[in-house]
Amino acid sequence: MNYLWTGRLKGNLHEIAKKYTFSLEIDKNLASFDVVGSIAHVEMLVKQKIISKKDGTTIISALKKILDEINKGIFKFKEDDEDIHTAVERRLTEIIGTTGGKIHTARSRNDQIVFDEKIYLKYILPEIKSNIALLQKTILKRAEEGFGFCMPEMTHLQPAQPVLFSHHLIAYISMLERDRERISDALKRVDISPLGACACAGTSFNIDTEYTAKKLGFSRVFSNSIDVVSDRDFILEVLADFGILMVHLSRMAEELILWHSPFFGFVDLPEDFCTGSSIMPQKKNPDVLELLRGKTSVVIGDISGIFTLMKGLPFSYNRDLQEDKRFMFEVCEITILSALVMAEIIRKTHFKFSRMEEACNYGYIEATDIAEFLAKKGIPFRQAHHIVSEIVGIASEKGLPLSKLDKRVIKEIVCDDDVVNFIKNLDVHKSVKNKKSQGSTGLELVKSEIEKWKNILK
Ligand code: ARG
């Protein structure tokens, strides 16, 4: 067989070795990017007079035909196409004959594959950023609709303190903002053109690396040919960022799953994102969110995979690197879709505010407010904490909310009418109204947070 590399080797690759080394099934995803890169490369070769204008025109028009075939889905891959680069060059020579062979002047598949991956990510990163923004806007809209309602915030999954529902949703928005920032930052490392590094040492041809970089929309050019063909840390970084985003989405999924359980009853998830049971007729299971949680494990596995792939590699290019794409594609596909799934679920979820407010009656979530009230009256906070624990202990023994405790019982512990009145008039709405500190759940503060995010996300 005549492979690109047939020469010293006769090309008599064992059938099993062939099956083992060929990567077309995975890297054909990069087909159109590969051709776009080749067109710019040939234009540069012509500009630099490395190949004639006539040859350049012939090659470029054939490449455009190939791009058209790829875009229309009619490009025919052949059994002997080792990878996407080989497939394109094979088709090129089919169309224009041996002139097609000039395309590989002053380049190698080693810089070509890095280009393909970077241009793919340059296309994916803005997409994920806009999906995150869509999710943030959707959450913000729901936060605004539910402004004023309270819910019990939990620590250790136990009732902690009353907060505004909107404050909890804005926690998601601010978490996701870090994901957007991280992805913008990763783009800086992706945005370095590798073209011209060739196999590892550069070339003796008078190429113009700035030209191809600019033509293909890169803002910088590599500075070391060995580093740039060896480098995959731009993928490690993007995948790690996507992994963090998936962990965030998975935590949100977990909360929604809990809240959808009738034991919480804080939400009713949209029917078209739930499934039933084949045996239990009453079921409305949150399968889609469970799968998001499950797919997060797949992503974490892929991240672990690509880190492991890199850790022992000597410089420069090693064929191990071919395996990077399966991790990259899987993580990108899952993450992009997961952000959209979450946005749509949040958009359609029915938030049950009366149930959230009712749940504020359990677990003595106003206890810290009482302790703060005592501390403001001059009682050292540690002592205030003890006093309130005692009151909570009695209420809990009697199975009563704090506000229903007999005044006399309270007075036996703390002999101050102000405190007794404070406890008798406890109200979660007052509690959130009283919060003043920066970033807290204070009513006015949350209101201005909503406005702030509206401005950021518009
Ligand atoms: N398909 C390879 C990859 O994905 C690129 C080819 C480089 N192959 C080589 N033998 N130098 O990394």
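The structure this text deals with has already been given above.
Residues numbered from 1 in each chain as written. Predicted model: local features only at pLDDT ≥ 70, side-chain atom pairs only at ≥ 80, totals over all residues. Heavy atoms only, no water.

Visitor: Explain the site of the ligand residue by residue, including any values.
Guide: Around the ligand sit Ser23, Asp83, Arg109, Asn110, Ile113, Tyr317, Arg319, Gln322 and Lys325, and those are all the residues in its vicinity. Asn110 is positioned such that a nitrogen or oxygen atom in its side chain is 2.9 Å from a nitrogen atom of the ligand. In the model, a nitrogen atom of the ligand is placed 3.0 Å from a nitrogen or oxygen of the Gln322 side chain. Relative to its free-state accessible area of 350 Å², the ligand is covered by the protein chains to the extent of 86%. Broken down by element, the shell around the ligand gets its largest block of residues, three residues, from helix H6 (residues 109-145). (Near = heavy atom within 4 Å. Polar contact = N/O pair within 3.5 Å; in protein donor to acceptor, adjacent residues only side chain to side chain. Areas by Shrake-Rupley, 256 points an atom, 1.4 Å probe, with all protein chains shown as cover. Helix = DSSP H or I, 4+ residues; strand = E, 2+ residues; numbered from the N terminus.)

Visitor: Give a description of the nonpolar core that names residues and reports values.
Guide: Side chains that are nonpolar tend, in soluble globular proteins, to be buried together. Counting residues in hydrophobic clusters, the biggest one holds 88 residues, and the most contacted among them are Leu249 and Met342. Leu249 has contacts with Leu135, Leu176, Leu292, Ser338, Ala339 and Met342, leaving out every residue within four places of it along the chain. With 26 residues, the next largest nonpolar core counts Ala31, Val42, Val46 and Ala87 among its residues. (Core = buried A, V, L, I, M, F, W, Y, C linked by side-chain atoms within 4.5 Å. Buried < 20%, exposed > 50% of the residue type's maximum accessible area, 1.4 Å probe, protein only. Contact = heavy atoms within 4.5 Å.)

Visitor: Please provide a residue-by-residue account of the pattern of salt bridges, values included.
Guide: All chains considered together, the criterion is met by 43 salt bridges. Salt-bridge contacts for Lys65 lead to Glu69; the nearest nitrogen and oxygen are separated by 3.6 Å. Note that Lys65 and Glu69 are positioned in helix H4 (residues 53-72) at a spacing of four residues, about one turn of the helix. On the basis of relative accessibility, which here comes to 41%, the residue Lys65 falls in the partly exposed class. (Salt bridge = Lys/Arg side-chain N within 4 Å of Asp/Glu carboxyl O.)

Visitor: Tell me about the packing of helix H3 (residues 31-47) against H6, and please be specific about residues and values.
Guide: Any two packed helices are characterised by how steeply their axes cross, that is the angle between the axes, and by the distance between the axes. Where H3 meets H6, the closest approach of the two axes is 9 Å, and the angle between their N-to-C directions is 115 degrees. The two elements H3 and H6 cross, and the hand of that crossing is right-handed. When H3 is examined against H6, the residues Phe33, Asp34, Gly37 and Ser38 are found in contact with a partner set consisting of Gln112, Phe115, Asp116, Ile119, Tyr120 and Tyr123. For the contact of H3 with H6, the per-class residue count stands at five nonpolar, three polar and two charged. (Axes fitted to C-alpha atoms, helices over the stretch in contact; angles between N-to-C directions. Left-handed = near helix turned anticlockwise from the far one by under 90°. Nonpolar A, V, L, I, M, F, W, Y, C, P; charged D, E, K, R; others polar.)

Visitor: Just give me the short version of the environment of Val446, but keep the residues and values in it.
Guide: With respect to the secondary-structure elements, Val446 resides in helix H19 (residues 443-457). For Val446, a relative accessible area of 1% puts it in the buried group. The sequence separation of Val446 and Leu400 amounts to 46 residues, and the corresponding C-alpha distance is 31 Å. The residues touching Val446, leaving out its near neighbours within four places in the chain, are Phe147, Leu164, Ser166, His167, Ile170, Ser440 and Thr441.

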